[in-house]
Amino acid sequence: MVFYSRQADNDLDNLLEGLLTWQKIALSRKFCMDYVARIINICDSLSAKAYHANAMYETHKQYGKKVHKYLHNKNTTWYIIYDIDAFGNIFINKIISNYLTIS
């Protein structure tokens, strides 16, 4: 089962708001909703993964021990940072882009 922290929920809300109000280019509401929905679908599928990568960046380790990389396009990578309990439950703690990740 997958659970979202308040921080992860806020990250998704902020992402949607940021896409809807992006000054560089006007994006349709449907595009923005689909973009966030793709990330949510990836998060929801984490419990079915056989392998869970360890967090490597110090920025990520502040939020959890495991990370899943979602390459949205050649410029943008989303990092879903989470922990797993003894029962295999996934606790998503943070969703952060490569633009905010310090290596």
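Structure shown above.
Just so it is clear, the structure is predicted and the values come from calculations on it, not from any experiment. Per chain, the residues get numbers from 1 upward, laid out in the order the sequence is written. Local features in this predicted model are restricted to residues whose pLDDT is 70 or higher, and side-chain atom pairs enter the listing and the counts only when it is 80 or higher, whereas totals over whole chains, interfaces and linings include all residues. Excluded from the side-chain calculation are hydrogens and water; included are all heavy atoms of the structure.

Caption draft 1: Just the nonpolar core, in detail. Take the buried Ala, Val, Leu, Ile, Met, Phe, Trp, Tyr and Cys residues and link them wherever side-chain atoms come within 4.5 Å; each set so joined is a nonpolar core. With a 1.4 Å probe rolled over the protein chains alone, any residue whose accessible area is under 20% of its type maximum counts as buried; one over 50% counts as exposed, and the rest are partly exposed. Ranked by size, the top nonpolar core spans 20 residues in total, and within it Leu 15, Ile 39, Trp 78, Ile 80, Ile 92 and Ile 95 carry the most contacts. Only runs of H or I of at least four residues qualify as helices and only runs of E of at least two qualify as strands under DSSP, and these elements are numbered from the N terminus. Broken down by secondary-structure element, the contributors of at least two residues to this core are α1 (6–20), α2 (29–44), β4 (77–84) and β5 (90–97). For this core, the element with the highest residue contribution is α2, accounting for six residues. Every residue in contact with Ile 80, bar those within four places of it in the chain, is listed here: Ile 39, Ile 42, Cys 43, Leu 46, Lys 66, Val 67, His 68, Ile 92 and Lys 94. Residues Ala 55, Val 67, Tyr 79 and Ile 81 belong to the second largest nonpolar core, which totals five residues. Any two residues whose heavy atoms approach within 4.5 Å at even a single point are treated as in contact.

Caption draft 2: Inspection of the environment of Tyr 4 at higher detail. Mapped onto the fold, Tyr 4 is located in strand β1 (residues 2–4). Assessed through its relative accessible area of 25%, Tyr 4 is described here as partly exposed. Excluding residues that lie within four positions of it along the chain, Tyr 4 makes contacts with Asp 9, Leu 12, Ile 40, Cys 43, Asp 44 and Ile 92. Looking at Tyr 4, its side chain comes within polar contact range of the main-chain oxygen of Ile 40, at 3.4 Å. Nitrogen and oxygen atoms within 3.5 Å of one another constitute a polar contact, given that in protein one can donate a hydrogen and the other can accept it, and given that sequence-neighbouring residues count only through two side-chain atoms. Looking at Tyr 4, its side chain comes within polar contact range of the side chain of Asp 44, at 2.6 Å.

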